[in-house]
Amino acid sequence: MELSCQFCRIVNGETSTKFLHEDNNLVVFKDIHPQAPVHLLIVSKKHIRSINDLEDDDREIVAEIIMAAKLMAQRHGISKSGYRLFFNVERGGGQVIFHLHLHLIGGW
Ligand code: 5GP
Ligand code: ZN
């Protein structure tokens, strides 16, 4: 937990953000500025700055994030039509919130 981290605050229930899904290592909520009809963020409960900071012990978290993306796409009815998954990594990669999260966008 990083006190200044917005996603740590959300994960800890300190905001009104509604979780669409929760698992051992992650929560899922809607992006506040959606880039598509469906735009979800799959966010690790553990504060990890970015993909660059993953450690061997974080493998289970990464696997859970990908499996949650698949499940969320199914639940939102966009599995067949298709969707994009992406991690922005550091400033040059467009990362703004430095807490690991996978974007799921689709439903066009
Ligand atoms: P990044 O560019 O770091 O990969 O993406 C961060 C994403 O988080 C952005 O798409 C932004 O709209 C979203 N975001 C930032 N702050 C909040 C917030 O407080 N609540 C929600 N739901 N989304 C947020
Ligand atoms: Zn954090």
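Check the entry above for the structure.
Residues numbered from 1 in each chain as written. Chains lettered and ligands numbered in written order. Predicted model: local features only at pLDDT ≥ 70, side-chain atom pairs only at ≥ 80, totals over all residues. Heavy atoms only, no water.

Caption draft 1: Broad picture of the overall build of the chain. Within the chain one finds 2 helices and 5 strands. Listing each helix as α and each strand as β along the chain from the N terminus yields α-β-β-β-α-β-β. Scaling as 2.2 N^0.38, a compact globule of 108 residues should have a C-alpha radius of gyration of about 13 Å, and the chain matches this with 13 Å. Projected onto its principal axes, the C-alpha positions of the chain cover 35 × 30 × 30 Å. Taking all 108 residues of the chain together, the buried fraction comes to 39%. The contacts of the chain with a sequence gap of at least 6 include a subset with a gap of at least 24, amounting to 54%. (Helix = DSSP H or I, 4+ residues; strand = E, 2+ residues; numbered from the N terminus. Rg over C-alpha atoms; globule rule 2.2 N^0.38 Å. Buried < 20%, exposed > 50% of the residue type's maximum accessible area, 1.4 Å probe, protein only. Contact = heavy atoms within 4.5 Å.)

Caption draft 2: View of unusual backbone geometry. In this model, Glu 90 sits at a positive phi of 60°, which is unusual for a non-glycine residue. Along the chain, the position of Glu 90 falls in the loop between β4 (83-86) and β5 (101-106).

Caption draft 3: Structural detail: the sheet that holds strand β3 (residues 38-44). Read from one edge to the other, the open sheet built from 5 strands follows the order β1-β2-β3-β5-β4, with strand pairing classed as antiparallel. The open sheet is flanked by β1 (21-23) and β4, the only strands paired with a single partner. Adjacent strand axes in the sheet meet at a mean angle of 15°, parallel and antiparallel pairs treated alike. Across 3 bridges, β1 lies against strand β2 (residues 26-30) in antiparallel orientation. Residue His 21 lies in a different strand from β2, and its bridge partner there is Val 28. (Pairing = 2+ DSSP bridges. Axes fitted to C-alpha atoms, helices over the stretch in contact; angles between N-to-C directions.)

Caption draft 4: Quick look at the coordination of the zinc ion (ligand 2). Looking at the zinc ion (ligand 2), one finds its protein donor set to be Cys 5 (SG), Cys 8 (SG), His 47 (ND1) and His 99 (ND1), positioned 2.0 to 2.3 Å from the metal centre. Viewed at the metal, the 4 donor atoms of the zinc ion (ligand 2) are separated by angles of 105 to 116°, and the geometry they form is tetrahedral. Sequence spacing among the residues donating to the zinc ion (ligand 2) works out to C-x2-C-x38-H-x51-H. A residue pair is termed long-range when its members are at least 10 positions apart, and Cys 5 in the segment before α1 (6-11) and His 99 in the loop between β4 and β5 qualify at 94 residues. Exposure remark for Cys 5: the relative accessible area of 7% places this residue in the buried category. (Donors = N, O, S within 2.8 Å, 3.2 Å for Na, K, Ca; no water. Tetrahedral: all angles 85-135°; square planar, octahedral: opposite > 155°, others 65-115°.)

Caption draft 5: Structural view of the site of ligand 1. Close to ligand 1 lie 16 residues, the nearest being Gln 6, Asp 31, Gly 94, Val 96 and His 101. The separation between an oxygen atom of ligand 1 and a polar main-chain atom of Ile 97 is 2.8 Å. In the model, an oxygen atom of ligand 1 is placed 2.8 Å from a nitrogen or oxygen of the His 103 side chain. Relative to its unbound accessible area of 520 Å², ligand 1 is 85% covered by the protein chains. Put simply, ligand 1 lies in the largest pocket. Elements with a minimum of two residues in the shell around ligand 1: α1, β2 and β5. With 3 residues, α1 is the largest single contributor of residues to the shell around ligand 1. For the shell around ligand 1, the residue count by class is 7 nonpolar, 7 polar and 2 charged. (Near = heavy atom within 4 Å. Polar contact = N/O pair within 3.5 Å; in protein donor to acceptor, adjacent residues only side chain to side chain. Areas by Shrake-Rupley, 256 points an atom, 1.4 Å probe, with all protein chains shown as cover. 1 Å grid on protein atoms, 1.4 Å probe; cavity = no way out; pocket = protein on both sides within 12 Å on 5 of 7 lines; lining within 4 Å. Sits in = over half its atoms within 2 Å of the grid points. Nonpolar A, V, L, I, M, F, W, Y, C, P; charged D, E, K, R; others polar.)

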